[in-house]
Amino acid sequence: MRITIASGKGGTGKTTVATNLGLALADDRPVQFLDCDVEEPNAHIFLKPRIERTKSVEKLLPRVDEAKCTYCGECAKACEFNAIAVIGKKVIVYDELCHGCGLCRMVCPVGAISEVPHELGVIEYGVARGFPFSRGLLNLGEAMATPLIHELKQGIDPDSLAILDAPPGTGCPTIAAIQGADLALLVTEPTPFGLHDLRAAVGVARSVGVPIGVIINRDGIGDDMVERYCADEGIPIVMRIPFDREIARLYSQGIPLVDALPEWRDRFRALYDTTTMKLAREDGVK
Amino acid sequence: MKICITAKGTGLNDPIDPHFGRAAYFLFYDTETEALDAVANSPGAHGAGVQAAQIVAGNGAKAVITGSVGPNAHRGLAAAGVEIYIGAQGTVADAIADYKAGKFSRAAGPSGKGHGG
């Protein structure tokens, strides 16, 4: 079982939901936690993991031997990302645009292209509160987060309940975190901004065929547009977290809700039971 | 000499398209013959500036007149020795007149933020 917590909008409470869900369920079943927000991971603040090992994640960048290059332009034509350009008698490689696929090397008719590894970031593996914890850390200045998320997902134990804390947004890194999940819990807030980005996140989850449930955080502020949207779209609202000073205080001190307020342990357990039962019954919360 | 103007349409009276990499059209204007050729731009999801620089250089332009140029496009155009003039406004005809009157100053570096990733 694999559950991704995503949102579209940043700061809606993904990590609150992900960490509390993991802590609430870990007593009953094997859980593992993956912080996929590799540009700004923050689950460690709540889970306080002990990191045991790290692994470097690299991409391969093309390097052109200009003594062999005939400037035929086949590499530039082949590159979907325009990461290699042939302009007159010059070849320019745009390292930050390159996805490291190696196609330019394959299509080069004179074998002028070789590849060199370039580190994008690292994956840290450890233990938090008795369960496996891993997170990606994108190196400063790097733009490509997706390879780190793919590497994180390689470490998923199929016999565990894997909880993936997704990055905000709806771009490639978020898609990578949602793809392959059995369920995406989309955390939003009942505001026009929350709704706007929720719509985008719903589109992403549906496009990769992942069933969704919505969690409304800061319930009580804003308006009822999110609820009306979910009703129109047939999307279940599976949890509401009230706009509450005590919840905010605990968050600001890095204290998980389930540690301080035991009723939340029951609520997160119930959330898991009802959503997974619904999944089994409907084979997809469409 | 051939110069390139980024535009929203194919004619002299069409407005400048200020975003170099994602401009609708590249208009190639020959300053001697006054001939004007339009090349439609079809940028992909990634590396629009790189692609645009290759189109402009590949069509033999020695200068480009546009609104702003990002870092990737700037690097490509600079490698091809294409002069870059930014901050153009109004119509294509206005830009050509301003260019001939020497009103533009050359851009030393990229004027826009990158969109890589």
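Residues numbered from 1 in each chain as written. Chains lettered and ligands numbered in written order. Predicted model: local features only at pLDDT ≥ 70, side-chain atom pairs only at ≥ 80, totals over all residues.

A tally of helices and strands in chain A yields 11 helices and 11 strands. The dimensions of chain A, computed from C-alpha atoms along their principal axes, are 70 × 45 × 35 Å. Across the 286 residues in chain A, those meeting the buried criterion constitute 47%. Summarising the internal contacts of chain A: among those between residues at least 6 apart in sequence, 75% fall at separations of at least 24. (Helix = DSSP H or I, 4+ residues; strand = E, 2+ residues; numbered from the N terminus. Buried ≥ 20, exposed ≤ 12 C-beta atoms within 10 Å, placed from the backbone. Contact = placed C-beta atoms within 7 Å.)

Moving on, we come to helix α5 (residues 146-154) of chain A. If you check which residues of α5(A) are buried, you get Thr146(A), Pro147(A), Leu148(A), Ile149(A), Glu151(A) and Leu152(A). Contacts from the buried residues of α5(A) go to β2 (31-35), β3 (50-64), β6 (113-128), β7 (131-138) and α6 (172-178) of chain A.

Between chain A and chain B, the residue contacts involve 15 residues of the former and 15 residues of the latter. When residues of the side of chain A that touches chain B are traced back to their parent elements, those giving at least two are β4 (84-87) and β5 (90-93) of chain A. Residues that form the side of chain A that touches chain B fall into these classes: 10 nonpolar, two polar and three charged. (Nonpolar A, V, L, I, M, F, W, Y, C, P; charged D, E, K, R; others polar.)

Residue and element names in this part refer to chain B. Spatially, five strands are ordered β3-β2-β1-β4-β5 in an open sheet, and the strand pairing comes out mixed. For this open sheet the edge positions go to β3 (36-40) and β5 (83-85), each flanked by a neighbour on one side alone. In this sheet, adjacent strand axes meet at a mean angle of 20° when their direction is disregarded. When strand β1 (residues 2-7) meets strand β2 (residues 25-30), the two strands line up antiparallel, connected through six bridges. In the sheet register, Ile-5 faces β2, and the bridge partner there is Leu-27. (Pairing = 2+ DSSP bridges. Axes fitted to C-alpha atoms, helices over the stretch in contact; angles between N-to-C directions.)

So, on to the pairing of β2(B). Residue and element names in this part refer to chain B. When you tally the buried positions in β2, you get five out of six residues, the bulk of the element. As judged from the five bridges shared by β2 and β3, these two strands associate in the antiparallel manner. Directly across from Phe-28, in β3, lies its bridge partner Asp-37. Count of turn residues in the β2/β3 antiparallel hairpin: five residues, of which Glu-34 carries a positive phi of about 65°.

Quick look at the domain arrangement of chain A now. According to the domain assignment, chain A contains domain 1 (2-48 + 129-282) and domain 2 (59-119). Taking the mean C-alpha position of each, domain 1 of chain A and domain 2 of chain A sit 39 Å from one another. (Domains from an automatic or database assignment.)

What follows covers the confidence of the model for chain B. This prediction gives chain B a mean pLDDT of 91; 96% of its residues lie at or above 70. Both scores are given for the predicted complex: the pTM is 0.83, the ipTM 0.81. (pLDDT = per-residue confidence, 0-100.)

Moving on to the packing of helix α7 (residues 192-207) of chain A against helix α8 (residues 225-233) of chain A. Each packed pair of helices is defined by two parameters, the angle between the axes and the distance between the axes. Residues and elements named next belong to chain A. Contact geometry for α7 and α8: axes closest at 9 Å, N-to-C directions at 25°. The angle between the axes of α7 and α8 places the two elements in the roughly parallel class. Residues Pro-192, Gly-194, Leu-195, Leu-198 and Val-202 of α7 lie in contact with α8, whose contacting residues are Met-225, Val-226, Tyr-229 and Glu-233. A breakdown of the residues in the contact of α7 with α8 according to their chemical character gives seven nonpolar, one polar and one charged. (Parallel < 35°, antiparallel > 145°, perpendicular 65-115°, else oblique.)

Attention shifts here to the nonpolar core. Among the nonpolar cores identified, the biggest contains 68 residues, and Ile5(A), Ile163(A), Ala184(A), Leu186(A) and Ile215(A) are the most heavily contacted of them. The residues touching Ile5(A), leaving out its near neighbours within four places in the chain, are Lys14(A), Val17(A), Ala18(A), Ile163(A), Leu164(A), Asp165(A), Ala166(A), Leu185(A) and Val187(A). Counting 53 residues, the second-largest nonpolar core is a separate cluster that includes Ala112(A), Phe20(B), Phe26(B) and Ala61(B). (Core = buried A, V, L, I, M, F, W, Y, C linked by C-beta atoms within 7 Å.)

Another point: the sheet that holds β2(A). Residue and element names in this part refer to chain A. The strand order across the open sheet formed by nine strands is β3-β6-β7-β2-β8-β1-β9-β10-β11, and the pairing between neighbours is mixed. The sheet is open, and its two edges are formed by β3 and β11 (237-242), each paired on a single side. When strand polarity is set aside, the average angle formed by the axes of neighbouring strands in this sheet is 20°. For β2 and β7, the ladder comprises three bridges, and the chain directions are parallel. Within β7, the residue paired with Phe-33 across the bridge is Phe-133. Lying on the sheet, helix α1 (residues 14-25) is in contact with β1 (2-6), β2, β7, β8 (161-165), β9 (183-188) and β10 (212-219); it crosses β8 at an angle near 165°. Along the sheet, α5 makes contact with β2, β3, β6 and β7, crossing β6 at roughly 50°.

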